Every structure is written in structure tokens, then in C-alpha cells.
Amino acid sequence: MTLNYIVFDLEFNQDFSKSNKDSLMPRPCFEIIQIGAVKLDQSLNFIGTFQRYVKPVIYPQINPFITELTGITTEQLQSEEIFPGVYQDFIEFIGNLNSVFCIWGISDIKELFRNVSYHKLNQKLLTKSYINLQPYAALHFKLPRKKLLKLKTTVEMLDIPSVCPFHNALNDAKYTAEILKKIFQDSMRPKFYDPNATNSHPRQRKQRIDFEQLTKQFEKMYQRELTQDEQNMIKLAYQMGKTRQFLKL
């Protein structure tokens with residue numbers, strides 16, 4: 001059975017409201033709304049691509065921040081298939097378990113398994129072998145392994161033409177595949193992903209921003225009441241800041 005590399009990327013929707021914590025049924029923090037993938041053979045030759053949008057059912061309304069980042073809207077996804085059907089098509093695209101996932105950061109494989117688990121689908125259909133290219137990119141540039149470069153930054157550093165927008169699952173998968181071709185070494189050994197592994201480090205208590213008090217502070221500074229649009233802009237700026245995409249290297 002031949003080995004293939006499945007380079008994939010996901011786009012997610014997220015609920016930033018406080019209502020999520022009151023749900024009786026545990027929900028993943030991120031709901032998949034787009035899957036993009038590139039299949040390469042053992043010699044890194046191109047075989048095919050996969051691209052599907054997903055109609056959300058956990059968080060039906062696309063967060064404005066997500067729309068701003070990806071261009072994906074609630075209306076756009078209404079005619080798309082829900083995750084179980086798209087997942088089955090993705091499994092068919094992968095082809096067999098003798099494949100290795102290639103990802104840019106560990107979060108994509110984590111959220112893939114979490115979404116599969118939420119929908120009570122068969123996780124055994126997914127390969128658990130994966131290569132996270134982020135640390136290998138750092139080593140390629142003789143940087144510390146823990147230096148997590150952004151996808152766009154790495155594409156620019158490797159002089160890969162970037163004619164398509166980022167934050168699109170298929171485009172990002174294609175960029176990741178080109179990076180794989182540029183930095184591939186035989187020493188790259190797949191790791192095993194265990195979706196049931198528990199974190200040995202105790203989770204720190206999640207900190208939350210008190211937006212009500214923050215708004216009052218702004219009103220005190222500017223000596224006037226903020227409009228609803230201004231309050232929403234403050235929240236959106238905070239949410240965008242958490243993604244760390246605007247940090248300067």
C-alpha cells in the first residue's frame with residue numbers, strides 16, 4: 001500500500017459569547033466551516049485537491065470576526081452540507097490509512113478529531129500519523145524549534161509566489177504543501193496523534209475580559225457614552241488581537 005501525504009487546513013467558526021459555557025452538551029470551541037487539502041505521493045508529486053465548505057450547526061451564525069478574517073458568511077454556508085457528509089467525502093479523498101497528515105500547527109488536527117467526536121463519527125477512519133511543519137520550518141531557517149513562524153511569513157521567506165489570499169483552507173493547504181516540498185528531509189518522522197491523551201500540565205484558570213467595565217473606562221476617558229458600534233469595535237479589536245496575526249516579528 002503506497003504512502004500519501006495529506007496536507008490539510010481548516011477554517012473555523014467560534015462563539016465568543018458567554019452562552020457557550022451554559023450549554024449542557026460539551027461543544028468544541030471551534031466548529032469547522034471549511035476543509036481544504038492537497039494529496040501528494042511519497043515522492044511529493046501532486047495527486048489531487050479537496051475543498052468543501054461546511055454548514056455550521058453548533059454555532060449557526062458566523063462570527064463577524066471570522067467573516068472579516070476568512071470572507072466566509074452565514075448566508076454563504078446555508079446551502080452547504082453539514083459536517084458528517086463532508087467528513088465522509090474527506091475520508092474518501094484520503095483513500096487509506098497509510099497516509100500522513102501534514103499540518104501547519106497542531107491545532108488543525110486537534111480540532112478535526114474534536115469535531116468528529118462531537119458528531120459521533122468514526123475516528124478510526126482517520127490516520128493518526130502526522131507531521132507538524134511549523135517547527136521544521138524554524139529549523140530550516142536555523143531558528144529555535146519553538147519559534148512558531150506564521151504561514152504567510154514562511155511563504156515569503158521561501159520565495160513561494162502568494163497569488164491567492166490566505167485564511168482560505170484550500171489556499172493555505174496549497175501553501176503548506178509548497179513549504180513541505182521546499183524543506184522536506186528524510187529525517188522528518190511522523191508522530192502519533194492520540195485524541196484521548198490528557199494534558200499533564202494543569203490547566204490555568206481561564207481569564208475573561210470584563211467588557212462592561214472596559215467600556216465604562218473608555219467612557220470615563222472620553223467623557224461621553226460610547227455608541228453600540230463603538231462598543232462592538234472594542235470587542236472585535238480584542239478578539240482579533242488574540243489571534244496574534246498582527247504581531248510584528
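One can find the structure itself at the top, above this paragraph.
Residues numbered from 1 in each chain as written. Predicted model: local features only at pLDDT ≥ 70, side-chain atom pairs only at ≥ 80, totals over all residues. Heavy atoms only, no water.

Undergrad: Pulling in residues and values, what's your account of unusual backbone geometry?
TA: Positive phi values are uncommon outside glycine, yet Lys120 reaches one of about 60°. Within the element layout of this structure, Lys120 appears in the loop between helix H4 (107–118) and strand E5 (129–132). Exposure remark for Lys120: the relative accessible area of 68% places this residue in the exposed category. One non-glycine residue with positive phi stands out, namely Asp159, at about 60°. Mapped onto the secondary structure, Asp159 falls in the loop between helix H6 (151–157) and helix H7 (169–183). (Helix = DSSP H or I, 4+ residues; strand = E, 2+ residues; numbered from the N terminus. Buried < 20%, exposed > 50% of the residue type's maximum accessible area, 1.4 Å probe, protein only.)

Undergrad: How would you summarise the packing of helix H5 (residues 133–140) against H7 if you had to cite specific residues and measurements?
TA: At a minimum axis distance of 11 Å, the contact between H5 and H7 shows a crossing angle of 45°. Regarding the angle of H5 to H7, the classification is oblique. Crossing angle aside, the handedness with which H5 passes H7 is left-handed. Together, Leu133, Tyr136, Ala137 and His140 of H5 and Thr176, Leu180, Lys182 and Ile183 of H7 make up the contact between the two elements. Within the contact of H5 with H7, the residues separate by chemical class into 5 nonpolar, 2 polar and 1 charged. (Axes fitted to C-alpha atoms, helices over the stretch in contact; angles between N-to-C directions. Parallel < 35°, antiparallel > 145°, perpendicular 65-115°, else oblique. Left-handed = near helix turned anticlockwise from the far one by under 90°. Contact = heavy atoms within 4.5 Å. Nonpolar A, V, L, I, M, F, W, Y, C, P; charged D, E, K, R; others polar.)

Undergrad: A description of the sheet that holds strand E3 (residues 46–53) should follow, citing residues and the corresponding values.
TA: Ordered by their spatial adjacency, 6 strands build an open sheet running E3-E2-E1-E4-E5-E6, and the pairing between neighbours is mixed. Sheet topology places E3 and strand E6 (191–192) at the edges, where each strand pairs with a single neighbour. Where strand E2 (residues 30–41) lies against E3, 7 bridges are found, and the strand directions are antiparallel. In the strand pairing of E3, Leu40 is matched with Phe46. (Pairing = 2+ DSSP bridges.)

Undergrad: Would you mind going over the nonpolar core in detail, with residue names and values included?
TA: Counting 25 residues, the largest nonpolar core has Phe8, Phe90, Phe101, Leu112 and Leu126 as its most contacted members. Secondary-structure elements contributing two or more residues to this core are strand E1 (4–14), E2, helix H3 (83–94), strand E4 (99–103) and H4. The element that contributes the greatest number of residues to this core is H3, accounting for 7 residues. Leaving out residues up to four positions away in the same chain, Leu112 has contacts with Phe8, Leu10, Ile32, Phe83, Phe90, Phe101 and Leu126. Counting 24 residues, the second largest nonpolar core, distinct from the first, contains Leu44, Trp104, Ala173 and Ile179. (Core = buried A, V, L, I, M, F, W, Y, C linked by side-chain atoms within 4.5 Å.)

Undergrad: Just give me the short version of the pattern of salt bridges, but keep the residues and values in it.
TA: Side chains that differ in charge, positive against negative, can pair when their charged atoms come close. Overall, the coordinates contain 5 salt bridges when judged by the stated rule. A salt bridge links Arg114 to Glu111, with the shortest nitrogen-to-oxygen separation between them at 2.7 Å. On the criterion of helical spacing, the pair formed by Arg114 and Glu111 is a turn pair, its members being 3 residues apart in helix H4. Residue Arg114 is classed as partly exposed on the basis of its relative accessible area of 44%. With a relative accessible area of 5%, Glu111 lands in the buried category. (Salt bridge = Lys/Arg side-chain N within 4 Å of Asp/Glu carboxyl O.)

Undergrad: So what's going on with the packing of aromatic side chains? Which residues, and what values?
TA: Tallying each qualifying case throughout the model produces 10 aromatic pairs. Seen from their ring centres, Phe50 and Phe90 are 5.3 Å apart, and the 45° between their planes marks the pair as tilted. Taken together, the residues Phe50 in strand E3 and Phe90 in helix H3 connect sequence positions 40 residues apart. With respect to burial, Phe50 and Phe90 carry one shared label: buried. Put simply, the rings of Phe8, Phe50, Phe90, Phe93 and Phe101 pair up and form one aromatic cluster. (Phe/Tyr/Trp six-rings, centres within 6.5 Å; stacked < 30°, edge-to-face > 60°.)

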